[in-house]
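Overview (structure and organization)
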Amino acid sequence: MYHQINSHWLTGAEAIPSPNCNERPGQQSISLLVIHNISLPPGQFGGPHISELFTNQLQPEGHPYFAEVCGMQVSSHVLIRRDGSVIQYVPFDKRAWHAGDSCFDGTTNCNDFSIGIELEGVDDQLYEAIQYERLADVTRALISAYPELSQQRIVGHSDIAPGRKTDPGPAFDWDNYLKLLKDV
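Residues numbered from 1 in each chain as written. Predicted model: local features only at pLDDT ≥ 70, side-chain atom pairs only at ≥ 80, totals over all residues. Heavy atoms only, no water.

**Describing unusual backbone geometry**
With an omega of -15 degrees, the peptide bond between Leu 40 and Pro 41 qualifies as cis. You can see Pro 41 is positioned in the loop between strand 5 (32-38) and helix 1 (49-54). Going from Asp 167 to Pro 168, the amide bond is cis rather than trans, its omega being 10 degrees. Within the element layout of this structure, Pro 168 appears in the loop between helix 4 (157-160) and helix 5 (174-180). In this model, His 8 sits at a positive phi of 70 degrees, which is unusual for a non-glycine residue. With respect to the helices and strands, His 8 occurs in the loop between strand 1 (5-6) and strand 2 (9-10). (Helix = DSSP H or I, 4+ residues; strand = E, 2+ residues; numbered from the N terminus.)

**Regarding the layout of surface pockets**
Considering only enclosed or pocket space, the largest pocket measures out at about 590 Å³ in volume. Residue lining of the largest pocket: 26 residues in total, with Asn 37, Ile 38, Tyr 65, Glu 118 and Lys 165 positioned closest to the centre. Mapped onto the lining of the largest pocket, the elements with two or more residues apiece are strand 5 and helix 1. The greatest single-element share of the lining of the largest pocket, amounting to three residues, is contributed by strand 5. (1 Å grid on protein atoms, 1.4 Å probe; cavity = no way out; pocket = protein on both sides within 12 Å on 5 of 7 lines; lining within 4 Å. Points joined across faces, edges and corners; volume = space filled by probe spheres on them.)

**Some details on helix 3 (residues 129-145)**
In this model helix 3 runs 25 Å from its N-terminal to its C-terminal C-alpha over 17 residues, within 8% of the 24 Å that 1.5 Å per residue would give. Along helix 3, the residues classified as buried are Gln 131, Tyr 132, Arg 134, Leu 135, Ala 136, Asp 137, Val 138, Thr 139, Ala 141, Leu 142 and Ile 143. (Expected span 1.5 Å × (residues − 1). Buried < 20%, exposed > 50% of the residue type's maximum accessible area, 1.4 Å probe, protein only.)

**Comments concerning the pattern of salt bridges**
A full pass over the atoms with the stated rule returns six salt bridges. Across the salt bridge formed by Arg 95 and Asp 112, the nearest N and O atoms sit 2.5 Å from each other. Here the residue Arg 95 occupies a position in strand 8 (residues 94-96), and Asp 112 occupies one in the loop between strand 10 (107-108) and strand 11 (114-120), the gap between them amounting to 17 residues. Judged by relative accessible area, Asp 112 falls into the buried class, the value being 12%. Here Arg 134 and Asp 137 are joined by a salt bridge, their closest N and O atoms 4.0 Å apart. Of the two residues, Arg 134 and Asp 137 both sit in helix 3, three residues apart, roughly one turn of that helix. Overall, the relative accessible area of 15% leaves Arg 134 in the buried class. The class of Asp 137 is buried, set by a relative accessible area of 11%. When salt bridges that share partners are traced, they join Arg 134, Asp 137 and Arg 140 into one network. (Salt bridge = Lys/Arg side-chain N within 4 Å of Asp/Glu carboxyl O.)

**Digging into the sheet that holds strand 3 (residues 14-15)**
Across the sheet, which stays open at both edges, the six strands sit in the order 3-7-6-11-5-12 with mixed pairing between neighbours. Each edge of the open sheet is held by one strand with a lone partner, namely strand 3 and strand 12 (154-156). Relative to strand 7 (residues 86-88), strand 6 (residues 78-80) is paired through three bridges, and the arrangement is antiparallel. By the bridge assignment for strand 7, Leu 79 is matched with Ile 87. Sheet strands in contact with helix 3 are strand 5, strand 6, strand 7, strand 11 and strand 12, and its direction is about 165 degrees off that of strand 11. (Pairing = 2+ DSSP bridges. Contact = heavy atoms within 4.5 Å. Axes fitted to C-alpha atoms, helices over the stretch in contact; angles between N-to-C directions.)

Quick look at the structure:
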């Protein structure tokens, strides 16, 4: 369903542009895919709050937790909701602000060379089968469009920010995801 990238945007995805992005430094190529999870409020799914966070429109009075995060300027390239719908916030050639203080293979500032994909979920609750299918679809399109990406350069947020981040968490089925990518 989401097999093409056109001008750094995923065809078939809803586009909600985020202001929380900028140019990648120098001639940085895209060479890492980072899998995250997010839910707003924590542990609750659905609703507009993730998009509101990524577009700086989250209202602090909407939930007690929102007061803690509403001033953060964060984004991800893509969100895959529990129902399998896909939203893209940042074109892939731009730097989304998803990884924070991070390091992969000795290189810091992973936002400079990575693409961030958020799964609507939490660390300890199983993800939906449709989310894995969409994630595999999106991953195939990314690997096809950006030749420095590969299965060996796909990590969880916890892998690049150990001790600081735990997502996508123990409920994420890496074996299932990688099995879906077997043709890549």
